[in-house]
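Structural description and commentary
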Amino acid sequence: RAALSPYAAPGPVSLGPSIPAHQAEPNVLRSILRHAWLVVLFGIIGVGASWLFLKQVEPRFSSHAKIYIEPSTPKLLTDSFGVNQRASYLYTQCEKIRSSTILNLAVEMPGIKGLRTLQGTSNPVFFLREELSAEVGRRDDIITISIETPYREDSAAIVNSVVDAYQKYQTSEK
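Remember, it's a predicted structure, so these values are computed and weren't measured experimentally.

About the thresholds
- All residue numbers refer to position in the chain's written sequence, counted from 1.
- Local features in this predicted model are restricted to residues whose pLDDT is 70 or higher, and side-chain atom pairs enter the listing and the counts only when it is 80 or higher, whereas totals over whole chains, interfaces and linings include all residues.
- Side-chain calculation: all heavy atoms of the structure are included, whereas hydrogens and water are not.
- Here a strand is any run of E in DSSP of at least two residues, a helix any run of H or I of at least four, and the numbering for each starts at the N terminus.
- Three exposure classes are used, based on accessible area relative to the maximum for each residue type with a 1.4 Å probe and protein chains only: buried under 20%, partly exposed in between, and exposed over 50%.
- Whether two residues touch is decided by their heavy atoms; if any such pair falls within 4.5 Å, the residues are in contact.
- Surface accessibility follows the Shrake-Rupley procedure with a 1.4 Å probe radius. Residue values consider only the protein chains on display as shielding.
- Residues with no salt bridge and a relative accessible area higher than 30% make up the patches, which join like charges within 9 Å and nonpolar side chains (Val, Leu, Ile, Met, Phe, Trp, Tyr) within 5 Å.
- By definition here, a salt bridge exists when the distance from a side-chain nitrogen of Lys or Arg to a carboxyl oxygen of Asp or Glu is within 4 Å.
- Arc definition: directions from the helix axis to the C-beta atoms.
- What counts as an axis is a line fitted to C-alpha atoms, over the stretch in contact for a helix, and the angles between N-to-C directions run from 0 to 180 degrees.
- A crossing counts as left-handed when the near helix is turned anticlockwise from the far one by less than a right angle, and as right-handed when that turn is clockwise.
- Each residue is assigned to one of three groups, with Ala, Val, Leu, Ile, Met, Phe, Trp, Tyr, Cys and Pro labelled nonpolar, Asp, Glu, Lys and Arg labelled charged, and all others, Gly among them, labelled polar.
- Polar contacts here mean pairs of N or O atoms no more than 3.5 Å apart (in protein, one a potential hydrogen donor and the other a potential acceptor; neighbouring residues in sequence count only if both atoms are side-chain atoms).

**Some thoughts on the overall build of the protein**
When helices and strands are counted, the protein shows 8 helices and 3 strands. For the protein, the sequential pattern of α-helices and β-strands runs α-α-β-α-α-α-α-α-β-β-α. Across the 174 residues that make up the protein, the buried fraction comes to 25%. Nonlocal contacts in the protein, meaning residues at least 24 apart in sequence, comprise 66% of its contacts between residues at least 6 apart. Summing over all exposed atoms, the protein offers an accessible surface of approximately 13,300 Å²; the carbon and sulfur share of this is 59%.

**Details of a nonpolar patch on the surface**
A cluster of nonpolar side chains, contributed by Trp37, Leu41, Phe42 and Ile45, occupies part of the molecular surface with about 470 Å² of accessible area. Take Ile45: it is sitting in helix α2 (residues 36-56). We classify Ile45 as partly exposed; its relative accessible area is 48%.

**Re helix α7 (residues 124-131)**
For α7, the complete set of buried residues consists of Val125, Phe127 and Leu128. Looking down the long axis of α7, one finds its buried residues gathered within 160° of arc, a one-sided arrangement. Across from the buried face of α7, at angles greater than 90 degrees, the exposed residues are Phe126 and Glu130.

**Focus: the packing of helix α5 (residues 100-107) against α7**
Packing of α5 against α7 brings their axes to within 9 Å, and their N-to-C directions diverge by 120°. Crossing handedness for the pair α5 and α7: right-handed. Along the contact surface, α5 presents Ser100, Leu103, Asn104 and Val107, while α7 presents Pro124, Val125, Leu128 and Arg129. The class makeup of the residues in the contact of α5 with α7 is 5 nonpolar, 2 polar and 1 charged.

**Remarks on the side chain of Ser63**
By the secondary structure assignment, Ser63 is in strand β1 (residues 61-68). For Ser63, a relative accessible area of 14% puts it in the buried group. At 3.0 Å, the side chain of Ser63 and the side chain of Ser155 are in polar contact.

Structure representation (structure tokens):
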């Protein structure tokens with residue numbers, strides 16, 4: 001009977017299949033070149049699919065206008081105008097900008113009814129109500145008015161007419 005020593009050297013440990021000494025490690029580039037026809041095939045498929053997608057997509061152009069609105073209250077009341085009241089006032093102005101009254105004024109401005117974007121719609125005011133956005137800035141008191149249309153000139157003209165209509169409405173209201 002032989003006694004085992006706790007300090008005996010362990011035998012060889014295998015961590016997976018070993019590569020024989022006479023065989024080189026696999027080359028990734030060689031593997032890709034071996035299947036070059038697959039790389040070319042998928043490249044052609046990708047380019048073709050991209051071309052088809054771009055032929056089907058309609059371009060969209062976005063225009064933005066930023067306006068700063070101050071409440072028209074006496075100076076004494078403006079100083080006590082709280083943050084919550086200010087935010088509420090700005091959100092009310094956003095809804096007023098998207099109201100039928102303002103949008104009607106915008107559509108009636110010269111050159112707006114003839115825009116290509118509005119020609120296909122039966123009710124331009126309803127179209128603008130759906131497509132136009134007016135949002136209060138997260139970190140400031142600026143309202144951003146924007147619209148996205150298929151025609152670059154139309155989106156700029158629409159946003160400018162809405163801003164002009166809002167200004168006209170505000171000055172005539174007082």
